[in-house]
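# Structural features, examined
As a plain string of letters, each chain reads:
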There are 2 protein chains.
Amino acid sequence: MRRQLSAGLLLALAATAAAADEDDIVLRGMGSFHVGGRVIEISGRPVTEIVRVPGGPPSTLDPNGRYQVEQMYVQYFLPKNRRGRLPLLMWHGGGLTGATYETTPDGREGWLNMFVRNGWDVYVSDAVERGRSGFASPDVWKGEPVFITQTDPFERFRIGAGVGSFDRDPAKRKPLPGTQFPLEAYENFTKQIVPRWLTTDDAVLAAYIALVDRVCPCVLLTHSQGGPFGFKAAQARPDKVKAVVAVEPASAGNVDKAAALKDSPVLMVFGDYVDQDSRWVSYRKTDLGYAAAIRTAGGSVDVISLPDIGIKGNSHMMMMDRNNSVIADVIQKWLVGKQLVD
Amino acid sequence: MRRQLSAGLLLALAATAAAADEDDIVLRGMGSFHVGGRVIEISGRPVTEIVRVPGGPPSTLDPNGRYQVEQMYVQYFLPKNRRGRLPLLMWHGGGLTGATYETTPDGREGWLNMFVRNGWDVYVSDAVERGRSGFASPDVWKGEPVFITQTDPFERFRIGAGVGSFDRDPAKRKPLPGTQFPLEAYENFTKQIVPRWLTTDDAVLAAYIALVDRVCPCVLLTHSQGGPFGFKAAQARPDKVKAVVAVEPASAGNVDKAAALKDSPVLMVFGDYVDQDSRWVSYRKTDLGYAAAIRTAGGSVDVISLPDIGIKGNSHMMMMDRNNSVIADVIQKWLVGKQLVD
């Protein structure tokens, strides 16, 4: 009798175990949605005939009418063993999409997988105008999109040693000494680049706030250009943004509204070689000024310069650097310290 | 002793069961990559100064240099209990992205989740120029992108009863009788629309073939404009594309190359009301001509008109229609019949 029972239970155990090993990602749900945006109307334009696929019939293209614009795409992953107390929203930087947080250009797991494995409900979005959020016509946005060369991020993201460090020949590039960026995958990284406008900040922020209204209270994890959007969203919804992790924020929020973050702890993380790059020195100065304003209002801001804690060689794209899991751990520990993890 | 043992086993069971219930999605991996594309070089353009984020320092924008263009974004989900014998690649239609296959506009699970639950390794891509694949400058692609109104898909995707069926007031719209499209979420569906070019077919196909070379042998599941791309990729790599499921292909492959598919079974699926729409009659005629050419070469093509098997009311966007799971089952059964499922 006992043997029968044990055998039966062990079989059940084996079957369940086969369904989820330690390395597996067990989700109670995953999906996507679009949020925010508005409808505009165009009129008075000529109607044309187009062929949509080669060999297909002609069809009418009437550009007049109503257009959905400035919405934002969001994809979410909800782990079974939820430990993060709030959803974690990952906002990317300029010229990029949510792919920033996915598999690294050299094929390792990115922060999306790592934080899902840590038990966080993770929401990765593509800012308005980028990726699966689509983009609007010149009727809606002034100016042309900016297209980014392969040279640009190598020299500006502290992968290479500044201007002149990129070469079409990988062997002739001049990376910063000890860089953690996976140099052999740099070309692959540039496949993640998407065009960006310089005139869409209001629309981008509006959609981020719409996202906050939909899924928060939450924690924001922002990168680069996502930094100021995150701080401004927190200023607009201080009751919903419970904490902000800003990875190398490329500028900050509004100093005169920094007091809104007095109850939302902030962590700023900077990589290596910031001092050698005047642009990053400038951004960091702005960030630290904003941090001081939050502290003056009674809030809490921790600033971690990774080299100061012995973590060297990190580029601006630290979520895809070779030691990306080490930095994820630094962030996770801070979140634990803020009682945001069960 | 028996009680102790049972309690121990039950605790273990409970812990494991908590890690994976029947409704959970258990993945042995998930991630993304970009594939294909090429590098172009621009020269002789003026250098300008721009401010990338409000309040940030000016920085130089040098448009000259090398650009990565025409790559394609691919996201994959690998279920623990793999039953599909080959990867299943989902290719979307014109003016859309891989979001087509994710959560439906009214918040139900889409075909991505359904086929992952059925045990398929699923790869969802954004065609070149769309979504997370980014897009190239006018130096690379001739012509402007086409922006799509809210009216257009309602009238052209057999949701509404043709031209004149859309109205800005949802109450005044004229849907096809018994439509399965979730009408209340139509506005939300239009948030998935992205601009499209009419001059990029060669680049789109090249990246799809690069994907096939990377992850196949495989099964293709295509929709609309993805249909002809799928057939042409199968023509180019008949040894790697082992089967094609084409949902309302908007045109087909090349009849003179159809013999390449003689060893790759094909399923074409059409929704309701095709006969009432001259554009879809035209596409179907092309598709059936291609099917005939495959059969003449000794190949196998099954054509399912859903109303003929009692499934009524389906629009062109059947993967997000209310009965999307019924159609997923039709496709799954066909795949089982072709010995593509363990």
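Above this text sits the structure in question.
A brief report on the enclosed structure follows. It should be emphasised that the depicted structure is a prediction, and the values quoted were computed from it without experimental measurement. (Residues numbered from 1 in each chain as written. Chains lettered and ligands numbered in written order. Predicted model: local features only at pLDDT ≥ 70, side-chain atom pairs only at ≥ 80, totals over all residues. Heavy atoms only, no water.)

## Thoughts on the overall build of chain A
Helices and strands together make up the secondary structure of chain A, namely 8 helices and 12 strands. A buried classification covers 63% of the 342 residues belonging to chain A. Taking the contacts inside chain A whose residues are at least 6 apart along the sequence as the reference set, 74% of them involve residues at least 24 apart. Measuring between centres, the 39 positive side-chain charges of chain A sit 4 Å from its 38 negative side-chain charges. (Helix = DSSP H or I, 4+ residues; strand = E, 2+ residues; numbered from the N terminus. Buried < 20%, exposed > 50% of the residue type's maximum accessible area, 1.4 Å probe, protein only. Contact = heavy atoms within 4.5 Å. Lys, Arg positive; Asp, Glu negative; His and termini not counted. Charge placed at Lys NZ, Arg CZ, Asp CG, Glu CD.)

## Quick look at the interface of chain B and chain A
Between chain B and chain A, the contact holds 93 residues from the first and 93 residues from the second. Here chain B meets chain A over a buried area of about 7900 Å², counting both sides, of which 57% is carbon and sulfur. Broken down residue by residue, the surface that chain B buries against chain A is led by Arg52, Arg132 and Lys191 of chain B, which jointly contribute 10%. Linking chain B with chain A are 10 salt bridges. Residue Arg132 of chain B pairs with Glu102 of chain A through a salt bridge whose shortest N-O separation is 2.8 Å. There are 31 residue pairs in polar contact (both at pLDDT 80 or more) connecting chain B and chain A. A per-class count over the side of chain B that touches chain A returns 44 nonpolar, 29 polar and 20 charged. In this sheet, strand β1 (residues 25–35) of chain B lies alongside strand β1 (residues 25–35) of chain A in antiparallel orientation, the contact comprising 3 bridges. Of the residues in β1 of chain B, the one forming a bridge with Val26 of chain A is Val26 of chain B. (Buried area = accessible area lost by both parts, 1.4 Å probe. Salt bridge = Lys/Arg side-chain N within 4 Å of Asp/Glu carboxyl O. Polar contact = N/O pair within 3.5 Å; in protein donor to acceptor, adjacent residues only side chain to side chain. Nonpolar A, V, L, I, M, F, W, Y, C, P; charged D, E, K, R; others polar. Pairing = 2+ DSSP bridges.)

## Concerning the packing of helix α5 (residues 201–215) of chain A against helix α6 (residues 226–236) of chain A
The packing of two helices is summarised by the inter-axis angle and the distance between the axes. Residue and element names in this part refer to chain A. Interaxial distance between α5 and α6 falls to 10 Å at its minimum, and their mutual angle equals 55°. By the angle between their axes, α5 is oblique relative to α6. Pair α5 / α6 crosses with right-handed handedness. Contact residues: α5 offers Asp201, Val204, Leu205, Tyr208, Ile209 and Val212, while α6 offers Phe229, Lys232, Ala233 and Ala236. The residue makeup of the contact of α5 with α6, split by class, is 8 nonpolar, no polar and 2 charged. (Axes fitted to C-alpha atoms, helices over the stretch in contact; angles between N-to-C directions. Parallel < 35°, antiparallel > 145°, perpendicular 65-115°, else oblique. Left-handed = near helix turned anticlockwise from the far one by under 90°.)

## Considering the relation of the copies chain B and chain A
Mapping chain B onto chain A is achieved by rotating through 180° and translating by 0.0 Å along the same axis, at an RMSD of 0.0 Å. Both chain copies can therefore be described as sitting about a two-fold axis. The overlap is high: 100% of the interface residues of chain B also sit at the interface in chain A, so the same surface is used on both sides. (Least-squares fit on C-alpha atoms with pLDDT ≥ 70 in both.)

## Quick look at the packing of aromatic side chains
Evaluated as defined, the whole model comprises 37 aromatic pairs over all chains. Between Phe135 of chain A and Trp197 of chain A, the aromatic rings sit 5.4 Å apart at their centres with planes inclined by 35°, giving tilted as the arrangement. A residue pair is termed long-range when its members are at least 10 positions apart, and Phe135 of chain A in the loop between β8 (122–126) and α3 (151–156) and Trp197 of chain A in the loop between α4 (186–190) and α5 qualify at 62 residues. Taking relative accessible area as the criterion, Trp197 of chain A reaches 4% and is therefore assigned buried. When the centroid spacing of 6.5 Å and the interplanar angle of 25° are considered together, the rings of Tyr101 of chain B and Trp111 of chain B count as stacked. Within this pair, whereas Tyr101 of chain B is found in the loop between β7 (88–91) and α2 (111–117), its partner Trp111 of chain B is found in helix α2, the two being separated by 10 residues in sequence. Each member of the pair, Tyr101 of chain B as well as Trp111 of chain B, is classed as buried. Members of the aromatic cluster, connected to one another through ring pairs, are Phe135, Trp141, Phe147 and Trp197 of chain A together with Phe135, Trp141, Phe147 and Trp197 of chain B. Its end group placed over the ring of Phe33 of chain A, Arg214 of chain A keeps NZ or CZ at 3.7 Å from the ring centre. (Phe/Tyr/Trp six-rings, centres within 6.5 Å; stacked < 30°, edge-to-face > 60°. Lys NZ or Arg CZ within 6 Å of the ring centre and 35° of its normal.)

## Some words on helix α7 (residues 278–296) of chain B
In this model, α7 of chain B (19 residues) spans 27 Å end to end at C-alpha, consistent with the 27 Å of a helix rising 1.5 Å per residue. On its buried face, α7 of chain B is in contact with β4 (58–61) of chain A together with α3 (151–156), α6 (226–236), β11 (266–270) and β12 (301–305) of chain B. Two or three places before Arg279 of chain B, at the start of α7 of chain B, stands the capping residue Asp277 of chain B, its side-chain oxygen 3.0 Å from that residue's backbone nitrogen. Positioned one or two residues after α7 of chain B, Gly298 of chain B has a phi angle of 95°, which is positive. (Expected span 1.5 Å × (residues − 1).)

## What about unusual backbone geometry?
The amide bond that connects Cys216 of chain A to the next residue, Pro217 of chain A, takes the cis arrangement and shows omega of 20°. At Ser224 of chain B, a position not held by glycine, the phi torsion is positive, near 55°. Backbone geometry at Gln339 of chain B places phi at a positive 60°, although glycine is not the residue there. Looking at where Gln339 of chain B falls in the secondary structure, it is placed in the segment after α8 (324–337).

## Some thoughts on the state of the cysteines
Residues and elements named next belong to chain A. Here the structure, examined in full by the defined rule, presents 2 disulfides over all chains. Disulfide pairing places Cys216 opposite Cys218 at an S-S distance of 2.1 Å. Residues Cys216 and Cys218 are joined through a disulfide that is right-handed, its torsion about the S-S bond being 75°. (Disulfide = S-S within 2.5 Å.)

## Quick word on the side chain of Ser224 of chain B
All names here are of chain B. When you line up the elements, Ser224 lands in the loop between β9 (218–223) and α6. In this structure the side chain of Ser224 is engaged in a polar contact, spanning 2.7 Å, whose partner is the side chain of His316. What Ser224 contacts, discounting residues up to four positions off in sequence, is Gly93, Val247, Glu248, Pro249, Ala250, Trp280 and His316.

## Looking at the side chain of Glu155 of chain B
All names here are of chain B. When you line up the elements, Glu155 lands in helix α3. The side chain of Glu155 sits in the buried core without any salt bridge; Arg156 is the nearest counter-charge, 7.9 Å away. Engagement of the side chain of Glu155 in a polar contact is seen with the backbone nitrogen of Phe166, the distance being 3.3 Å.

## Some remarks on helix α8 (residues 324–337) of chain A
Residue and element names in this part refer to chain A. Taking 1.5 Å per residue as the helical rise, α8 with its 14 residues ought to reach 20 Å, and the 20 Å between its terminal C-alpha atoms agrees with that figure. Of the positions making up α8, those classed as buried are Asn324, Ile327, Ala328, Val330, Ile331, Gln332, Trp334 and Leu335. Taken from the residues just after α8, Gln339 is the one with a positive phi, measuring 60°.

## Notes on the pairing of β4 of chain A
Residues and elements named next belong to chain A. Residues of β4 alternate between two faces, with Ser59 and Leu61 buried on one and Pro58 and Thr60 left unburied on the opposite face. Bridge count between strand β3 (residues 48–51) and β4: 4 bridges; the pairing is antiparallel. Directly across from Ile50, in β4, lies its bridge partner Ser59.

## Some points on the pattern of salt bridges
Under the definition given, this model contains 46 salt bridges over all chains. For Arg168 of chain A, the salt bridge identified is with Glu41 of chain B, shortest N-O distance 2.5 Å. One end of the pair, Arg168 of chain A, is in the loop between α3 and α4; the other, Glu41 of chain B, is in strand β2 (residues 38–42), on a second chain. Assessed through its relative accessible area of 48%, Arg168 of chain A is described here as partly exposed. Arg173 of chain B is the salt-bridge partner of Glu187 of chain B, the closest N and O atoms lying 2.5 Å from each other. Remark: Arg173 of chain B occurs in the loop between α3 and α4 (186–190) and Glu187 of chain B occurs in helix α4; sequence separation between them is 14 residues. A relative accessible area of 24% means that Glu187 of chain B is categorised as partly exposed.

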